[in-house]
Amino acid sequence: MYCMFLKSYVAPNTTLMTKVTPILTDTHGRTHNYLRISLSEKCNLRCTYCMPHDGIELTPSEDLMTADEIISIARVFVENGVDKIRLTGGEPLVRKDFSYILEELSKLGVRFSITTNALLTHRFIDDFKRFGLQDINVSLDSLNAEKFKFITRRDQYKKAFENINQLIAEGFHVKVNAVLMKGFNEDEIVDFIKLTKDRDLNVRFIEFMPFDGNEWNKNKLVSQAEILNRVNDHFGIEALQPLVNEKNFTARNFKIKGFKGSFGIISSVTNPFCDSCNRIRLTANGRLKNCLFSNAETDLLTPFRAGENLEQLIDKALNKKEAVRAGMTDFDQLTNPDLHNNNRSMIAIGG
Ligand code: SAM
Ligand code: SF4
């Protein structure tokens, strides 16, 4: 099939889209058609809000999903109505068999996307095009090389920024994710938005979320209200145009009048999106997580290796999904560090 957008050939769909089955419907009536798969617990950066200072204990390689296991387990979800898959990590592109996984996933006939730090994207441009991967989310928390080095603990700003520009020039749908932290980068909100003046780019400001070992503290949070105040102060309230929210949206999107791109705010902490949540996560060691904030996990890999049917397990896991952030309904619960310490670090969940 020829794709006009990417001006390249895209693998034909071989799986018919299925309506979401009761297995992927939770007790609150939400249907889960969006699977995020972590391909690796490893990363070539060390972002302080994601990777604990002393690193994490890595899962032994024999307990991680192989490429073929990833595809087979993903297929079970697709047969039950998943029609969107995001590849994430850790850093998904550090995986040596990434291109093979992409090729096999493209045969499942779903829309797929990736979240990456962009350091290695230049090596995969042709594969992305060949296998129909159009949507690329890139993490970039500062436009200042020194600050980038501080937050990622690596001196790689130039490469990351170069590669983001390359992805835009090559015609991919690029979103830049910036986690905002008070005293670190909230003074760059306007500069990030200025990137969207002449670039077809969506910049998303993400509220800093609490996970094991990331030294979260509510004073570091930059709220949606503060972001919009800064935007209004700089661009003027009449220039700020709210955009229509996407279905199952996680970001509230806006545009500055006359700018080519747009920006969004992901306010999982101060203003969550649980009502419309359609997301489930599979960790690199094959555990299903029904919510980012939940420390409950369902092992799918061991039963898969034993030849067991996964659908019942998935059904049970979905039925346990709480209405709001793993049961942390109010801000006080979410800001209680004791409620996060049993959850994984973000690096091992797959954001
Ligand atoms: N390595 C890839 C990257 O950085 O884009 C993919 C994995 S990373 C865990 C996925 C996303 O999670 C990134 O956009 C990152 O900014 C976000 N993230 C990680 N820790 C976070 C936290 N504590 N609060 C909010 N977002 C976080
Ligand atoms: Fe690596 Fe992404 Fe986590 Fe940064 S946010 S440490 S790039 S996985």
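Look above for the structure.
Attention in this report is confined to the structure presented alongside it. Source: prediction; values computed, not measured.

The rules behind each value
- Residues numbered from 1 in each chain as written.
- Chains lettered and ligands numbered in written order.
- Predicted model: local features only at pLDDT ≥ 70, side-chain atom pairs only at ≥ 80, totals over all residues.
- Heavy atoms only, no water.
- Helix = DSSP H or I, 4+ residues; strand = E, 2+ residues; numbered from the N terminus.
- Buried < 20%, exposed > 50% of the residue type's maximum accessible area, 1.4 Å probe, protein only.
- Contact = heavy atoms within 4.5 Å.
- Areas by Shrake-Rupley, 256 points an atom, 1.4 Å probe, with all protein chains shown as cover.
- Axes fitted to C-alpha atoms, helices over the stretch in contact; angles between N-to-C directions.
- Parallel < 35°, antiparallel > 145°, perpendicular 65-115°, else oblique.
- Left-handed = near helix turned anticlockwise from the far one by under 90°.
- Nonpolar A, V, L, I, M, F, W, Y, C, P; charged D, E, K, R; others polar.
- Pairing = 2+ DSSP bridges.
- Salt bridge = Lys/Arg side-chain N within 4 Å of Asp/Glu carboxyl O.
- Core = buried A, V, L, I, M, F, W, Y, C linked by side-chain atoms within 4.5 Å.
- Near = heavy atom within 4 Å.
- Polar contact = N/O pair within 3.5 Å; in protein donor to acceptor, adjacent residues only side chain to side chain.
- Right-handed = clockwise from strand over helix to strand, strands pointing away.

## Side note on the overall build of the protein chain
Of the regular secondary structure elements, the protein chain holds eleven helices and 14 strands. When the 351 residues of the protein chain are sorted by exposure, 56% land in the buried category. Taking all contacts inside the protein chain whose residues are at least 6 apart in sequence as the whole, residues at least 24 apart take part in 73%. As displayed, the protein chain offers around 15,700 Å² of accessible surface, 50% of which is attributable to carbon and sulfur atoms.

## With respect to the packing of helix H1 (residues 67-79) against helix H2 (residues 98-106)
When two helices pack together, their arrangement is given by the angle between the helix axes and the distance between those axes. At a minimum axis distance of 10 Å, the contact between H1 and H2 shows a crossing angle of 25°. Here H1 lies roughly parallel to H2, going by the angle between them. When the axes of H1 and H2 are compared, the crossing they make is right-handed. Across the interface between the two elements, Ala67, Asp68, Ile70, Ile71 and Ala74 of H1 pack against Tyr100, Ile101, Glu104 and Leu105 of H2. For the contact of H1 with H2, the residue count by class is seven nonpolar, no polar and two charged.

## A few points about the sheet that holds strand S5 (residues 111-116)
Taken together, the twelve strands give an open sheet; going across it, the order is S9-S10-S11-S8-S7-S6-S5-S4-S3-S12-S13-S14, and neighbouring strands pair in mixed fashion. Of all strands in the sheet, those with a lone pairing partner are strand S9 (240-242) and strand S14 (298-299), marking the two edges. Most of the contacts of H1 go to strand S3 (residues 34-38), to which it runs at about 165°, and overall it touches S3, strand S4 (84-88), strand S12 (279-282) and strand S13 (287-289).

## Concerning the pattern of salt bridges
Opposite charge on two side chains permits them to pair, given that their charged atoms come into close proximity. Per the counting criterion, the structure on display carries 14 salt bridges. A salt bridge links Asp187 to Lys147, with the shortest nitrogen-to-oxygen separation between them at 3.2 Å. Here Lys147 lies in helix H4 (residues 145-152) and Asp187 lies in the loop between strand S7 (173-180) and helix H6 (189-194), a separation of 40 residues in the sequence. Classification of Lys147 as buried rests on a relative accessible area of 18%. A salt bridge links Arg287 to Asp299; the shortest N-O distance between them is 3.4 Å. Here Arg287, found in strand S13, pairs with Asp299, found in strand S14; they are twelve residues apart in sequence, far enough to count as distant. When its relative accessible area of 25% is taken as the criterion, Arg287 is described as partly exposed. Each member of the salt-bridge network shares a partner with another, and the members are Lys147, Asp187 and Glu188.

## A look at the environment of Arg305
Relative to the helices and strands, Arg305 is located in helix H8 (residues 301-305). Classification of Arg305 as partly exposed rests on a relative accessible area of 41%. Placed 236 residues apart in sequence, Arg305 and Glu69 show a C-alpha to C-alpha distance of 8.6 Å. Here Arg305 is in contact with Glu62, Asp63, Leu64 and Glu69, once residues within four sequence places are set aside.

## Overview of the nonpolar core
Membership of the largest hydrophobic core comes to 104 residues, with the highest contact counts inside it found for Ile37, Phe77, Ile85, Phe128, Phe205 and Ile314. Counting residues per element, this core draws most heavily on H1, at eight residues. The contacts of Phe205, once residues within four sequence positions are left out, are Ala178, Leu180, Ile189, Phe192, Ile193, Ile227, Phe263, Gly264, Ile265 and Ile266.

## Considering the site of ligand 1
Around ligand 1, the structure places 20 residues, and the nearest of them are Tyr49, Gly90, Glu91, Ser139 and Met209. Between ligand 1 and Ser139 there is a distance of 2.6 Å, counted from an oxygen atom to a side-chain nitrogen or oxygen. Contacts to ligand 1 include Met209, whose backbone N or O atom sits 2.9 Å from a nitrogen atom. Considering ligand 1 on its own, with 550 Å² of exposed area, one finds that the protein chains cover 95% of that surface. Elements represented by at least two residues in the shell around ligand 1 include exactly S5, S7 and strand S8 (201-207). Within the shell around ligand 1, the residues separate by chemical class into eight nonpolar, ten polar and two charged.

## Observations concerning unusual backbone geometry
For Ala118, which is not glycine, the phi torsion reads 75° and is therefore positive. One can find Ala118 in the loop between S5 and helix H3 (125-130). Judged by relative accessible area, Ala118 falls into the buried class, the value being 0%.

## A look at the pairing of S8
Counting buried residues in S8 gives seven out of seven residues, a clear majority hidden from the surface. Neither face of S8 is left uncovered, since the one carrying Leu201, Val203, Phe205 and Glu207 and the one carrying Asn202, Arg204 and Ile206 both have all their residues buried. As paired elements, S7 and S8 share seven bridges and run parallel to each other. Across the sheet, Val174 pairs through a bridge with Leu201, a residue of S8. After leaving S7, the chain enters H6 and then returns to the sheet as S8, a path that is right-handed. Pairing of S8 with strand S11 (residues 262-266), which is carried by five bridges, proceeds in the parallel orientation. Looking across to S11, one finds that Asn202 is bridged to Ser262.

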